[in-house]
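What follows is the residue order along each chain.
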Amino acid sequence: MVLRLLFAAVLLVVIEQPSVPAVEPAERLADPALEARARGLSKELRCLVCQNQSIDESNADLAHDLRLLLRQRLVAGDTDQQVLDYIVARYGVFVLLDPPFAPLTWVLWLTPPALVLGGGGLLLFRARLRRLEPPVLELSREESARAAQLLGEP
């Protein structure tokens, strides 16, 4: 019991690692409203170096540059969508942690469901094939004796 609790605690620590923002004090904007918008947007953008972290969590130089660029665009008066559009135009759709469902990203969005449906279809197909196979019947004692006599076994 204690071992299970210890395992569960370790698993929670490993899975639920809190994200620690990498935003440096020098990057922060003086206006709290703009800073809140910047933090929200930086959680939507992928660090192109780390690839599984947002630029808000990444300490990479490119993430730092993207955070500065994002804040410059906000100070210039861009809306949130204009900032995202500007960064996507420069770095591509891959920079978004949640890319839109568009022709460019169809493979990204449709591959997992296709694999699940294909695997389910394969399992269903195999189950139906097994149902069509004739059942293996056991021989009675008389049939076993007759088979042994015909094969010349004692």
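Here is what the cut-offs are and how they apply
Residues numbered from 1 in each chain as written. Predicted model: local features only at pLDDT ≥ 70, side-chain atom pairs only at ≥ 80, totals over all residues. Heavy atoms only, no water. Axes fitted to C-alpha atoms, helices over the stretch in contact; angles between N-to-C directions. Helix = DSSP H or I, 4+ residues; strand = E, 2+ residues; numbered from the N terminus. Parallel < 35°, antiparallel > 145°, perpendicular 65-115°, else oblique. Left-handed = near helix turned anticlockwise from the far one by under 90°. Contact = heavy atoms within 4.5 Å. Nonpolar A, V, L, I, M, F, W, Y, C, P; charged D, E, K, R; others polar. pLDDT = per-residue confidence, 0-100. Core = buried A, V, L, I, M, F, W, Y, C linked by side-chain atoms within 4.5 Å. Buried < 20%, exposed > 50% of the residue type's maximum accessible area, 1.4 Å probe, protein only.

**Student:** Just checking my understanding: could you explain the packing of helix 3 (residues 61-75) against helix 4 (residues 80-91) for this structure?
**Tutor:** Pairs of packed helices are described in terms of their axes, by the angle between the two and the distance that separates them. Relative to each other, helix 3 and helix 4 sit at 140°, their axes nearing to 10 Å. The orientation of helix 3 with respect to helix 4, classified from their angle, is oblique. Between helix 3 and helix 4 lies a crossing of right-handed hand. Between helix 3 and helix 4, the residues in contact are Leu-62, Leu-66, Leu-69, Leu-70, Arg-73 and Leu-74 and Asp-80, Val-83, Tyr-86, Ile-87, Arg-90 and Tyr-91, respectively. Taken together, the residues of the contact of helix 3 with helix 4 break down into nine nonpolar, no polar and three charged.

**Student:** Whenever I open this one, the confidence of the model for the protein confuses me. Can you help?
**Tutor:** Low pLDDT means the predicted coordinates in that region are not meant to be read closely. Residues with a pLDDT of 70 or more make up 81% of the protein, whose mean pLDDT is 82. Mean pLDDT in the protein bottoms out at helix 1 (residues 2-15), which sits at 64, and peaks at helix 4, which reaches 90.

**Student:** Help me understand the nonpolar core, please; the structure alone is not making it clear to me.
**Tutor:** Nonpolar side chains in soluble globular proteins tend to be buried together. Leu-45, Ile-55, Leu-70, Leu-74, Ile-87 and Val-95 are the most contacted members of the largest nonpolar core, which totals 18 residues. Of all the secondary-structure elements, those providing two or more residues to this core are helix 2 (32-42), helix 3 and helix 4. Per element, the largest residue contribution to this core is five residues, and it comes from helix 3. In this structure, Leu-45 is in contact with Gln-53, Ser-54, Ile-55, Leu-70, Leu-84, Ile-87, Val-95, Leu-96 and Leu-97, ignoring residues within four places of it in sequence.

**Student:** Teacher, can you tell me more about the packing of helix 2 against helix 3 here?
**Tutor:** Two elements in contact, helix 2 and helix 3, have axes separated by 10 Å at closest approach and are oriented at 135°. Of the possible angle classes, the one that applies to helix 2 and helix 3 is oblique. As for how helix 2 packs across helix 3, the hand of that crossing is right-handed. Between helix 2, through Leu-34, Glu-35, Arg-37, Ala-38, Arg-39, Leu-41 and Ser-42, and helix 3, the contact on the second element is made entirely by Leu-70, Arg-71, Leu-74 and Val-75. Residues that form the contact of helix 2 with helix 3 fall into these classes: six nonpolar, one polar and four charged.

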